[in-house]
Amino acid sequence: MSEDFFLFPVSFAQQQLWFLDQLAPGRPVYNLPGAVRFKGRLGVRALEESLNEIVRRHEILRTNFQVIDGQPAQVVAAEASHRTLPLIDLRDLPPEKREAEAQRLSVKEGRRPFNLAHDALLRSKLLRLAEDEHLLLLNSHHIVSDGWSLGVFLRELVALYEAFSNGRPSPLPELSIQYGDFAVWQRESLSDDLLKHDLDYWKQQLGGELPLLELPFDHPRPPVQTAHGARQEIFLDKSVTSALKALGQRTEATLFTVLLAALKVLLYRYAGQTDIIIGTPVAGRNQTETENLIGLFVNTLVLRTELSSNPDFIEVLRRVREVTLAAYEHQDVPFEKLVEELQPERDLSRMPLFQVMFAFQNAPLPSLELSDVSLELLEVDLGTAKFDLTLNLSETSDSLNGYFEYNTDLFEAETISRLSEHFQTLLQSIIADPRTAIDSLSLLTEREREQQLFEWNDTSRHYPAQTLHHLFESQVERTPDATALIFDDEQVSYKELNERANQLAHYLHRLGIGPDSLVGIMMERSIEMVVSLLGVLKAGGAYVPLDPEYPQERLLHMIGDSGCRVLLTQQKLIGAVAAEGLRVVSVDEEAFREESLENPESATSAENLAYIIYTSGSTGLPKGTMLAHEGVVNCLWWMQETFNLSGDDRVMLKASLSFDASVWELFWPLVVGACVVVAQPGGQQDGAYLVDTVIKHNITTIHFVPSMLPILLDRKELSDARSLKQVIVGGEALPVESLKRFFTRSKAALHNFYGPTETSIGSIDWPCDPNLARPTVPIGRPISNTDVYILNRDLQPVPVGVAGELYIGGAGVARGYLNRPELTAERFIPHPFSSEPGARLYRTGDVARYLPDGNIEFLGRADEQVKIRGYRIELGEINSALAQHPDVRECAVVARESVTGDKSLVAYIVAEEGASLTVSGLRQYLREKLPEQMIPSHFILLQALPLTPSGKLDKRSLVQAEGTRASLAVQYV
């Protein structure tokens, strides 16, 4: 190396920035731009001399970074060459354009890339706006500077300019050390055992798998992290600042700690995670000699706090204070060294260890005062962001101001604007009562709360309180000769269907069936099945669908649990089940053909049960949901108001009676005079049959589970189905790809209809938009007389964009679960926002969030329940069935989702010693206990099966296990 240069090792922080620059040279994200506005008679020559003197004094400002002997090194010029201060005169521009041009040049200069090996790493340029107004543009690379350094630079600039402009020499003493000396010291100190104690602390604090903070992003995270950013300003006035300081004094916490604790609570509420990690910068100048140096000294502390158990804010403050003090005690470990030691899993999509930064500046910058010129420091926003989110606050004499900096590839501006408002609302709530549990602290503004609780739930409509069969009977009077049903080549008029159902109803009356009596219906799709449904309702009873495809053990449980004493079936199915005290009636025989054709007298009211549908249960047994007429009728009135079926419409009945889509497929058309086309048994899975039926019978309305929609879209004949007016999908999430493809194949309307069985068919609807630009399809807004809430664990509304659990109230809420009072109390809770006596909310277990326009986006489940082809499946029920196998010692069932969105079930099994298990044997075993759709498609036992310390299967690890195959590898334990 020439004697004109000398070498120093790079510091750890410089090494990391150098490495990042090698990966992506010239990115402006590590540029540190700024601007100083001068007003008055500026001496340009004196300013230029001052800048040159600063470069002379600080070797780091004449340093470049080159590879020496295979390692990056600081290459320092021995002498400082004179640098001319470029001057750009903007006075020729009209006054109204000068400021805009100055702003444009500020950003342009700030974004100019640096070549670390050859460029001067501090740049300056002067803009002349007027004879007595100038703007000094400054830009340095972070590898040679930091926030503290800016204060050093400005102090020296003021002192030197004041001296040089008056013909005096520099008043500043020579520096005792340079940045290179610090880098040597840092390398030497970290090469011995001095920091072992500090490293041990950080390894204990941050060891193992760290949580990834998943905030409610507006866009999917790019596979490689970007630096595209923007800022949202925030200001906390004197009253708020004083109150926060007073809170800190009462709790022996600094203002920094109070603000950090509040930010952690905000992130906890936004992400729904209890393990919160935030990074924060510290000056890193622990030696007096470094305080007056320019250079990269700043270090980053990683502050991890556990917020579980819903503590109050005072407790959170205590936890944060404890973690912060310990971190300061061990702050000598450079962040880069920490990453090197911890070796977190490499992920190019995010920063290591943490994704959110909090920067707090409570040391004011030096006074910018000259005798004949005023100075003002200006920030230059380059539109970059190093992290997902950064809160940068500065303390002034009596207030706080700053900004949220955010990655624009993740967040929209309106999301961060709301987040900023929520942070300020949260601070007010903390000030009002810091003893409040953090789940109960207010986030929403009064306007937002009013909007969510009332405006978006303004669904009140007046519909007549009637029963399904009375509505049908009224329609019979209006159109007795119209075709009500078509099945294969058979057609049945409204009058004929009514009379046949009446005969059955009279017969059931004689068997003792009345209001709320339960009658089992185990039938294949047919005319007789429809007659049976209407007959039960006309008799005043409620039907219990029993799918003949279900295993006998499950059917017997449902019959016994429901207490059915009458079972309606078909001759060919008699003998499929036998239970003591059960009266089995074959509807296709002549047993009740002599009964009256007149409508029976019925004491049934809208509050009585219409049906009970059994769904799988988490405890191992299916549970029956009790639905009354009033909720079902409310849904049908809304559907008619929305879609306006007429006598010319035809609706296909193809859903199983065990799936509540069958309720609207049948009863909606029958109460408005339309025609129901009954699909053949098994026809719902045959794409050719469905399309042919749509064309042959001019079907106008049809329903599909989203995962089954492709059987319609895959048929080239679909283009001939011109009669189709609307397709309603529901039962599981609708993929965007399916939505887009639908509108390329059909001119029909598409509706995304959401609703658990417990809320009477459907509760929320979204008319699909072919121009949807979101990555997910919304489920929409509540239907008539339905109120929907997205709440946190403390039943508080969550902000727009934030995930919470979906609760549904209103006319459709079920009576509860049959014979399950504890589960009913758990899932059907008192309505916290209603003044109506006895009002309840159904807790769906679904996770959702509000979009800014009030539509709702479904995000997934809060528990282990999954949907497979629209069927609700509790994994606990499958686990329970498998665990009863004599050769199974331990098992776990998880759901897998393919890249196309298809779901399958995977069973992991530990066999008893000496057992001989086969896939076919397990399948046959489960067929005797579970419906076909609940049987896992894969049975796997990996050789290195993850177990908990107690020897149980670690289900969290299983979800991430690789490989699914239809084979069984048995590990004997």
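Reading the values: the criteria
- Residues numbered from 1 in each chain as written.
- Predicted model: local features only at pLDDT ≥ 70, side-chain atom pairs only at ≥ 80, totals over all residues.
- Heavy atoms only, no water.
- Helix = DSSP H or I, 4+ residues; strand = E, 2+ residues; numbered from the N terminus.
- Buried < 20%, exposed > 50% of the residue type's maximum accessible area, 1.4 Å probe, protein only.
- Phe/Tyr/Trp six-rings, centres within 6.5 Å; stacked < 30°, edge-to-face > 60°.
- Lys NZ or Arg CZ within 6 Å of the ring centre and 35° of its normal.
- Polar contact = N/O pair within 3.5 Å; in protein donor to acceptor, adjacent residues only side chain to side chain.
- Contact = heavy atoms within 4.5 Å.
- pLDDT = per-residue confidence, 0-100.
- Lys, Arg positive; Asp, Glu negative; His and termini not counted.
- Salt bridge = Lys/Arg side-chain N within 4 Å of Asp/Glu carboxyl O.
- Pairing = 2+ DSSP bridges.
- Axes fitted to C-alpha atoms, helices over the stretch in contact; angles between N-to-C directions.
- Core = buried A, V, L, I, M, F, W, Y, C linked by side-chain atoms within 4.5 Å.
- Disulfide = S-S within 2.5 Å.
- Right-handed = clockwise from strand over helix to strand, strands pointing away.
- Left-handed = near helix turned anticlockwise from the far one by under 90°.
- Nonpolar A, V, L, I, M, F, W, Y, C, P; charged D, E, K, R; others polar.

Q: Could you clarify how one ought to interpret the overall build of the chain in this entry?
A: On a plain count of helices and strands, the chain comes out with 25 helices and 40 strands. Taking the principal axes of the C-alpha coordinates as reference, the chain spans close to 120 × 75 × 60 Å. Counting across all 973 residues of the chain, residues that qualify as buried make up 57%.

Q: I'm lost on the packing of aromatic side chains in this one. Help?
A: Each aromatic ring pair is specified by the distance between its two centres and by the angle formed by the two planes. Evaluated as defined, the whole model comprises 26 aromatic pairs. For the pair phenylalanine 354 and phenylalanine 387, a centre-to-centre distance of 5.2 Å together with 20 degrees between the ring planes defines the contact as stacked. Within this pair, whereas phenylalanine 354 is found in the loop between α10 (335-342) and β11 (356-361), its partner phenylalanine 387 is found in the loop between β12 (373-379) and β13 (389-395), the two being separated by 33 residues in sequence. Each member of the pair, phenylalanine 354 together with phenylalanine 387, is buried. When the ring centre of phenylalanine 114 is taken as reference, the NZ or CZ atom of arginine 123 above it lies at 3.9 Å. The side chain of arginine 187 reaches across the aromatic face of phenylalanine 12, ending 4.1 Å from its centre.

Q: Can you help me understand the side chain of aspartate 439 in this one?
A: By secondary structure assignment, the location of aspartate 439 is in the loop between α11 (413-432) and α12 (446-453). Judged by its relative accessible area of 4%, aspartate 439 falls in the buried class. A distance of 2.7 Å separates a polar atom in the side chain of aspartate 439 from a polar atom in the side chain of tyrosine 268. Among residues more than four places away in sequence, those in contact with aspartate 439 are Tyr268, Arg269, Asn310, Asn792, Arg793, Asp794 and Gln796.

Q: Honestly, the confidence of the model for the chain in this entry has me stumped. Any pointers?
A: When pLDDT drops low, the exact placement of atoms in the prediction is not to be read closely. Chain-level pLDDT for the chain is 91 on average; 95% of the residues reach the 70-or-more range. For the stretch residues 942-947, pLDDT sits under 50, and the model shows 21 contacts to residues farther than four places along the chain or on other chains. Here residues 955-973 is modelled with pLDDT under 50, and outside its nearest four sequence neighbours on either side it reaches 58 contacts, counting other chains as well.

Q: Teacher, can you tell me more about the side chain of arginine 418 here?
A: In this structure, arginine 418 sits in helix α11. Put simply, arginine 418 is tucked away with no salt bridge, and the nearest opposite charge, on glutamate 414, sits 4.2 Å away. Sequence-distant contacts of arginine 418, that is, excluding residues within four places in its chain, are made with Tyr270, Glu448, Val800 and Pro852.

Q: So what exactly am I meant to see when it comes to the environment of histidine 831 here?
A: Relative to the helices and strands, histidine 831 is located in the loop between β33 (828-830) and β34 (840-850). Judged by relative accessible area, which is 10%, histidine 831 ranks as buried. For the pair histidine 831 and arginine 128, spaced 703 residues apart in sequence, the C-alpha separation works out to 66 Å. Here histidine 831 is in contact with Asp787, Tyr789, Ala839, Arg840 and Leu841, once residues within four sequence places are set aside. Side chain to side chain, histidine 831 and aspartate 787 meet in a polar contact 2.7 Å long. Of the polar contacts made by the side chain of histidine 831, one reaches the side chain of tyrosine 789; its length is 3.5 Å.

Q: Help me out: how do you make sense of the sheet that holds strand β38 (residues 888-897) in this one?
A: Pairing between sheet strands relies on hydrogen bonds along the backbone, with the strands arranged either parallel or antiparallel. Read across the sheet, three strands follow the order β38-β39-β40 without closing on themselves; strand pairing throughout is mixed. Edge strands, defined here as strands with exactly one partner in the open sheet, are β38 and β40 (938-940). Averaged over all neighbouring strand pairs, the angle between strand axes comes to 25 degrees, with direction disregarded. Summarising the sheet, β38 and strand β39 (residues 903-911) pair through nine bridges and their orientation is antiparallel. Each residue of the ladder has a partner; that of arginine 896, found in β39, is serine 904. Along the sheet, helix α23 (residues 875-883) contacts β38, β39 and β40; its crossing angle with β38, the most-contacted strand, is approximately 150 degrees.

Q: Teacher, can you tell me more about the sheet that holds strand β2 (residues 31-40) here?
A: With mixed pairing, five strands are arranged side by side in an open sheet as β5-β6-β7-β2-β12. For this open sheet the edge positions go to β5 (87-89) and β12, each flanked by a neighbour on one side alone. Along the sheet, successive strands turn relative to each other by an average axial angle of 20 degrees, direction set aside. Across the sheet, helix α2 (residues 44-57) touches β2, β6 (122-130) and β7 (133-141), and the angle it forms with β6 is around 165 degrees.

Q: Quick question: what am I supposed to make of unusual backbone geometry here?
A: Note: most residues except glycine have negative phi, and most peptide bonds are trans. In the Ramachandran plot, aspartate 69 falls in the positive-phi region, its phi being about 55 degrees despite a non-glycine side chain. In this model, serine 760 sits at a positive phi of 60 degrees, which is unusual for a non-glycine residue. You can call serine 760 buried: its relative accessible area is 2%.

Q: I would appreciate a short explanation of the pairing of strand β16 (residues 490-493) in the present structure.
A: Every regular strand shows the same layout, with side chains that alternate between the two sheet faces. In this structure, strand β15 (residues 483-487) lies alongside β16, joined through four bridges in antiparallel fashion. Residue pairing across strands places leucine 485 opposite valine 492, the latter belonging to β16. Joining the antiparallel neighbours β15 and β16 is a turn of two residues, in which aspartate 488 adopts a positive phi near 55 degrees.

Q: Help me out: how do you make sense of the environment of leucine 875 in this one?
A: With respect to the helices and strands, the residue leucine 875 is situated in helix α23. With relative accessibility at 5%, the residue leucine 875 sits in the buried group. Sequence-wise, leucine 875 and leucine 150 are 725 residues apart; in three dimensions their C-alpha atoms are separated by 59 Å. Discounting residues that sit within four places of it in the chain, leucine 875 has contacts with Glu864, Val866, Val893, Val894, Ala895 and Leu905.

Q: Can you walk me through the nonpolar core in this structure?
A: Judged by nonpolar contacts, the single largest core of 107 residues is most densely connected at Leu485, Leu497, Leu568, Met639, Phe667, Leu670 and Phe704. The leading source of residues in this core is helix α15 (residues 527-538), at eight residues. Not counting residues within four places of it along the chain, the set of residues in contact with phenylalanine 704 comprises Lys654, Leu690, Leu709, Ile711, Leu712, Val727, Ile728, Val729 and Gly730. Residues Ile276, Val302, Phe313 and Trp456 belong to the second largest nonpolar core, which totals 89 residues.

Q: I would appreciate a short explanation of the environment of proline 28 in the present structure.
A: One can find proline 28 in the loop between α1 (12-23) and β2. Between the alpha carbons of proline 28 and proline 113 there is a distance of 6.0 Å; along the sequence they are 85 residues apart. Ignoring any residue separated from it by four or fewer positions in sequence, one finds proline 28 in contact with Arg111, Leu382 and Thr384.

Q: Looking at this structure, I do not really get the state of the cysteines. What am I missing?
A: Formally, a disulfide is one covalent bond, and it connects the sulfur atom of one cysteine to the sulfur atom of another. One pass over the full model with this rule turns up zero disulfides. With no disulfide of its own, cysteine 635 lies closest to cysteine 768 among cysteine sulfurs, the gap being 16 Å.

Q: What am I meant to see in the pattern of salt bridges here?
A: Should the charged atoms of two oppositely charged side chains come close, the side chains can pair. This structure, assessed with the given rule, holds 54 salt bridges. The partner of aspartate 119 in a salt bridge is arginine 123, and the shortest N-O contact between them spans 3.4 Å. Classification of aspartate 119 as partly exposed rests on a relative accessible area of 25%. Between glutamate 473 and lysine 538 there is a salt bridge; the shortest N-O distance is 2.7 Å. On the criterion of sequence distance, the pair formed by glutamate 473 in helix α13 (residues 468-478) and lysine 538 in helix α15 is long-range, its members being 65 residues apart. By sharing partners, the salt bridges in this structure join Arg41, Asp89, Arg91 and Glu131 into a single network.

Q: Would you take a moment to explain the pairing of strand β24 (residues 675-678) for this structure?
A: Neither face of β24 is open: one carries Cys675 and Val677, the other Val676 and Val678, and all of them are buried. In this sheet, β24 lies alongside β15 in parallel orientation, the contact comprising three bridges. Bridged to leucine 485 within β24 is valine 676. The sheet contact formed by strand β23 (residues 650-653) and β24 spans four bridges and is parallel. The residue bridging leucine 653 from the neighbouring strand is valine 678, located in β24. Chirality of the crossover, the property in question, places the unit of β23, helix α18 (residues 661-670) and β24 among those that are right-handed.

Q: Just to check I follow, could you spell out the packing of helix α8 (residues 255-271) against helix α9 (residues 313-329) for this structure?
A: For any two helices packed against each other, the geometry is given by the interaxial angle and the distance between the axes. Contact geometry of α8 with α9 gives a least axis separation of 9 Å together with a crossing angle of 115 degrees. Here α8 and α9 pass one another in a crossing that is right-handed. Across from Phe256, Thr257, Val258, Leu260, Ala261, Ala262, Lys264 and Val265 in α8, the residues of α9 making contact are Phe313, Val316, Leu317, Val320, Arg321, Thr324 and Tyr328. Taken together, the residues of the contact of α8 with α9 break down into 11 nonpolar, two polar and two charged.

Q: Teacher, can you tell me more about helix α19 (residues 687-696) here?
A: Those residues of α19 that fall on the buried side of the exposure criterion are Gly687, Tyr689, Leu690, Val691, Thr693 and Val694. On its buried face, α19 is in contact with β23, β24, β25 (701-704) and α20 (710-713). Capping of α19 at its N-terminal end is provided by aspartate 686; its side-chain oxygen lies 3.1 Å from the backbone amide nitrogen of alanine 688. Just downstream of α19 lies asparagine 698, where phi reads positive at about 55 degrees.

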